[in-house]
Amino acid sequence: MSTTELLAPDGPSKGTITLVHLYPREMSIYGDRGNTHALASRIRRHGYTAEVVLHDPGSPFRDDAHLLMGGGGQDSGQARVEADLEAVGPTLASMAADGVPMLMICGMYQLFGNSFHTVTGQELPGLGILDVTTRGNDKRMVGPVCVETEWGPVVGYENHSGSTVLGEGQQPFGRVLAGYGNNGEDGTEGARTRNVIGTYLHGPLLPANPMVSDALIAVAAERATGGPFEPEPMSDPLADEARGRQVRRLVGTR
Ligand code: GLN
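The structure displayed is predicted, hence computed values, not measured ones.

Side note on the sheet that holds strand 5 (residues 102-105)
Now for step 1: Strand order in the open sheet formed by seven strands is 1-3-2-4-5-13-12, and the pairing between neighbours is mixed. Looking along the sheet, the strands with just one partner apiece sit at the ends: strand 1 (3-7) and strand 12 (191-193). If you compare each strand with its neighbour and ignore which way they point, the axes differ by 15° on average.
Now for step 2: Along the sheet, helix 1 (residues 33-45) contacts strand 1, strand 2 (16-22), strand 3 (49-55), strand 4 (67-70) and strand 5; its crossing angle with strand 2, the most-contacted strand, is approximately 180°.
Now for step 3: Helix 5 (residues 210-225) rests against strand 2, strand 4, strand 5 and strand 13 (196-199) of the sheet, and its axis sits at about 125° to strand 2.

Below is the structure:
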């Protein structure tokens, strides 16, 4: 059963942004739920109401969502959401094509691609929203990551056996400055198509990289209200400090 929670801002609300977290039980490891908490709290701080929907397999899907989040999971967790993903897949694909912002981490990133061939030989078909293909390996890619993106350096932590290759013309999320990224070889990390971001970065990603949260929320707010995003001024000293330290540790002074 899906659950829904409404988080209102302290003052008058500028509008309600519906955020759907896909499969929180099966697909939320290494703190990925923190991404949903970060988005919801930031939506409130910007003066909007956050309607947070935790979507479980088999529940009616909220195709009116303004923002989607999906986390990582074991290969077994990915297999458990396959049936529901197949059912909601066409809706997700048309929402993605329409520009709905989505952040898909690790296991869900793999399932938003064309397919995931696991290390045990299982073939998990993907949604094909991102033109990427993943193959499991015996060697896991584990450790801290720093990626150069259009929002500056983004930091996180990766742990995956899947090695992902981008299709020709598929834009990455960013360029690896430290860590493995998609496959440890071609210097790419994640994938981005319209407002859909797939990435291997756990951490969770968003609390340490609030500029990515704001980019997603800006599009979601425009979709929710039909008007421009009206952000509140915000400073993020702790996040900036945490990210800056990680960047300095991984890639030196910048
Ligand atoms: N099961 C996938 C892999 O190991 C995803 C892991 C994850 O989400 N951290 O490649």
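Quick look at the UniProt feature "domain: CobB/CobQ-like glutamine amidotransferase" (unreviewed entry) in the protein
Now for step 1: The positions UniProt marks with the feature "domain: CobB/CobQ-like glutamine amidotransferase" (unreviewed entry) are residues 20-209.
Now for step 2: Between the end C-alpha atoms of residues 20-209 there is a gap of 20 Å, over a span that is 25% helix and 37% strand.

Points about helix 2 (residues 75-97)
Now for step 1: Helix length check: helix 2, at 23 residues, gives a terminal C-alpha distance of 27 Å against a target of 33 Å (1.5 Å per residue), a shortfall beyond 12%.
Now for step 2: Of all the bends in helix 2, the greatest, near 55°, is centred on Val88, and the proline Pro90 appears no more than four residues after it.
Now for step 3: Among the residues of helix 2, those classed as buried are Gly77, Gln78, Val81, Glu82, Asp84, Leu85, Val88, Gly89, Leu92, Met95 and Ala96.

As for the site of the ligand
Now for step 1: Asp75, Cys106, Gln110, Ser161 and Gly162 are the nearest of the 16 residues found near the ligand.
Now for step 2: Take Gly107: an N or O atom from its main chain is 3.1 Å from an oxygen atom of the ligand.
Now for step 3: Within the side chain of His202, an N or O atom sits 3.1 Å from a nitrogen atom of the ligand.
Now for step 4: Surface burial for the ligand is 99%, taken as the share of its 300 Å² of free accessible area covered by protein chains.
Now for step 5: Among the elements of the structure, helix 2, helix 3 (106-112) and strand 9 (152-166) are those that each provide at least two residues to the shell around the ligand.
Now for step 6: Ranked by the residues each element gives to the shell around the ligand, the list is headed by strand 9, at four residues.

Some words on the UniProt feature "binding site: substrate" (unreviewed entry) in the protein
Now for step 1: The sites that UniProt annotates as "binding site: substrate" (unreviewed entry) are Arg140.
Now for step 2: Structurally, Arg140 can be placed in strand 8 (residues 132-149).
Now for step 3: If we skip the residues at most four places from it in the chain, Arg140 touches Asn159, His160 and Ser161.
Now for step 4: In this structure the side chain of Arg140 is engaged in a polar contact, spanning 2.8 Å, whose partner is the side chain of Asn159.

Reading the values: the criteria
- Residue positions are given per chain, counted from 1 along the sequence in the order it is written.
- Local features in this predicted model are restricted to residues of pLDDT 70 or higher, and side-chain atom pairs are both shown and tallied only at a pLDDT of 80 or more, whereas totals for entire chains, interfaces and linings draw on every residue.
- To obtain the side-chain values, all non-hydrogen atoms of the structure were used and water was disregarded.
- If DSSP finds at least two bridges between two strands, the strands pair.
- Secondary structure elements are defined from DSSP: runs of H or I of at least 4 residues count as helices, runs of E of at least 2 residues count as strands, and each element is numbered from the N terminus.
- Helix axes are fitted only over the stretch in contact, all axes being lines through C-alpha atoms; the angle between N-to-C directions runs from 0 to 180 degrees.
- In what follows, a contact means two residues having at least one pair of non-hydrogen atoms within 4.5 Å.
- UniProt positions are given in the numbering used here, feature names are shortened, and annotations may be inferred rather than shown by experiment.
- A helix is expected to span 1.5 Å multiplied by its residue count minus one.
- Values of bend correspond, residue by residue, to the angle between axes fitted over the seven residues ending at that residue and the seven starting there.
- The rule is simple: take the accessible area with a 1.4 Å probe, protein chains only, and divide by the maximum for that residue type; under 20% is buried, over 50% is exposed, in between is partly exposed.
- The rule for a residue being near a molecule or strand is that one of its heavy atoms must lie within 4 Å of it.
- Between N or O atoms, a polar contact is any pair within 3.5 Å; within protein, one atom must be a potential hydrogen donor and the other a potential acceptor, and residues adjacent in sequence are included only when both atoms are from side chains.
- Calculation of accessible area relied on Shrake-Rupley with a 1.4 Å probe; when residues are assessed, cover is drawn exclusively from the protein chains displayed.

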